[in-house]
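Residue strings, one per chain:
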Amino acid sequence: MFRGIPVVLLLHFLVVGCVVDSEPNWWKVYWLNSPLFDAKALLGPKLHHISKKDPELLKVFREAFVEALVECKRHTKNHRWNCEVEGTHPYQALFPTTSGYASREYAFLLALSTASAVRSIARACAQGRLRGCSCDPSKRGPVHSSPSKVWSPCGVNHGSDNIRYANRLTKRLIDRPFMCHFGDSDRQIHLHNIAVGRTRVKGEVKCECTAIFGTCLEQKCEQRSIEMNEIGDSLIRSLMRSRRIRRSNTVDVNPMTCALPNNEKKMRHRTVPLWFVDTRSWTPFDRFRYRN
């Protein structure tokens, strides 16, 4: 059946046809400003459908991914892998040397980018940039039963970050492809690292006085997501405790079914190790480099 086909083209077909891109589809928004970017072909049906209703969402995702790369480079400046994008066009993997091996580096970037996406979406909701959400509707009335502190109402650039909505949306858009479309056992590892990243995004209450002449009898409060450097530091601690998972210990999931979601409530208040499989790009000196 292959008679008459040049050997070079045949080898290209066999190699390219067998490669599975294990990177999240939403990472492709990195190429959002490229003339080759095709949302329908690159992002998958779910994200493309939602982005048609709310085009601003793709910009928020791109801002989140770029911010994750900046934070990643801050921690890997002394490491031989420094989060530089290797792909040269939208139809290539961004990090082919790490994403295909379930490595420590890929685990860290997967968790960090997920956390950045949650943080950016939550903030965009409070800023009124997205059509599908507003600021956190549960933040109303007094703060912790304190009569002098009340939650700021929703408005332009006012209101609390909607972290709950961001968590739900990222579960639909980031977790779902790994849960149902990846037939190999590595998807359990990827889902774990995604969950670790999402649980690193926490809110902190910030209040400002609204009374005249500085009497501060009443304060307007908002819940803001913690800064990206705090999230990065937390995930570095998870990376330092990372756990190698043997492929023989993973349960192969039927590709026709979906993997069960992680119990993220148990992850929120402790340092959870990241999971990885491959060790080819890791040396004993790298622990010292990441710490510094």
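Keep in mind the model is a prediction, meaning the values are calculated, not measured.

Asks: For this particular structure, what's the right way to read the packing of aromatic side chains?
Replies: This structure, assessed with the given rule, holds 8 aromatic pairs. Relative to Phe61, the ring of Trp26 has its centre 5.1 Å away and its plane inclined at 45°; by these criteria the two rings are tilted. Of the two residues, Trp26 sits in the loop between helix 1 (7-18) and helix 2 (39-42) while Phe61 sits in helix 4 (residues 56-75), which places them 35 residues apart along the sequence. Considered together, Trp26 and Phe61 belong to a single accessibility category, that of buried residues. If you follow Lys139 out to its NZ or CZ, it ends over the ring of Trp151, 5.7 Å from the centre.

Asks: Help me out: how do you make sense of helix 4 in this one?
Replies: Note that an α-helix has 3.6 residues per turn; residues three or four places apart therefore point the same way. In this model helix 4 runs 29 Å from its N-terminal to its C-terminal C-alpha over 20 residues, within 8% of the 28 Å that 1.5 Å per residue would give. The complete set of buried residues in helix 4 reads Leu57, Leu58, Val60, Phe61, Ala64, Phe65, Ala68, Leu69, Glu71, Cys72 and His75.

Asks: So what exactly am I meant to see when it comes to the layout of surface pockets here?
Replies: It is the rolling of a water-molecule-sized probe over the atoms that shows where space remains empty. In this structure, the second largest pocket spans a volume of roughly 270 Å³. Together, Asp136, Lys139, Ile163, Arg164, Asn167, Thr199, Val201, Lys202, Gly203, Gln223, Arg268 and His269 line the second largest pocket. Grouping the amino acids of the lining of the second largest pocket by side-chain chemistry returns 2 nonpolar, 5 polar and 5 charged.

Asks: Quick question: what am I supposed to make of the pattern of salt bridges here?
Replies: Under the counting rule described, the total for this entry stands at 15 salt bridges. Two residues, Glu71 and Arg74, come together in a salt bridge whose shortest N-O distance is 2.6 Å. With Glu71 and Arg74 both in helix 4 and 3 residues apart, this pair spans about one turn of that helix. The class for Arg74 is partly exposed, based on a relative accessible area of 38%. Residues participating in the shared-partner salt-bridge network are Glu56, Lys59, Glu63 and Arg129.

Reading the values: rules and limits
Per-chain numbering applies: the sequence of each chain, read as written, is numbered from 1 onward. Restriction of local features to residues with pLDDT of at least 70 applies here, the model being predicted, together with a cutoff of 80 or more for giving and counting side-chain atom pairs; totals for whole chains, interfaces and linings are based on all residues. Side-chain numbers come from the whole structure's heavy atoms, not from hydrogens or water. Any Phe, Tyr or Trp ring, taking Trp's six-membered ring, that has another such ring centre within 6.5 Å forms a pair; planes under 30 degrees apart are called stacked, those over 60 apart edge-to-face, and the others tilted. Only DSSP runs of H or I covering at least 4 residues are called helices, and only runs of E covering at least 2 are called strands; the numbering of each starts at the N terminus. For each residue, the accessible area found with a 1.4 Å probe, counting protein chains only, is set against the maximum for its type, and the residue is called buried under 20%, exposed over 50%, and partly exposed in between. Lysine NZ or arginine CZ positioned within 6 Å of the ring centre and within 35 degrees of the ring normal marks a charge as sitting over the ring. Given a helix with a known number of residues, its expected span is that number minus one, times 1.5 Å. Lining residues are defined by having an atom within 4 Å of a point belonging to a cavity or pocket. Those points lie on a 1 Å grid over the protein atoms alone, cavities being sets where a 1.4 Å probe fits but cannot get out and pockets being open sets with protein on both sides within 12 Å along at least five of seven lines. Grid points are joined across faces, edges and corners, and a volume is the space filled by probe spheres set on the points. Ten residue types, Ala, Val, Leu, Ile, Met, Phe, Trp, Tyr, Cys and Pro, are classed as nonpolar, four, Asp, Glu, Lys and Arg, as charged, and the remainder, Gly among them, as polar. Whenever Lys or Arg places a side-chain nitrogen within 4 Å of a carboxyl oxygen from Asp or Glu, that contact is recorded as a salt bridge.

Taken by themselves, the reported measurements are silent on function.
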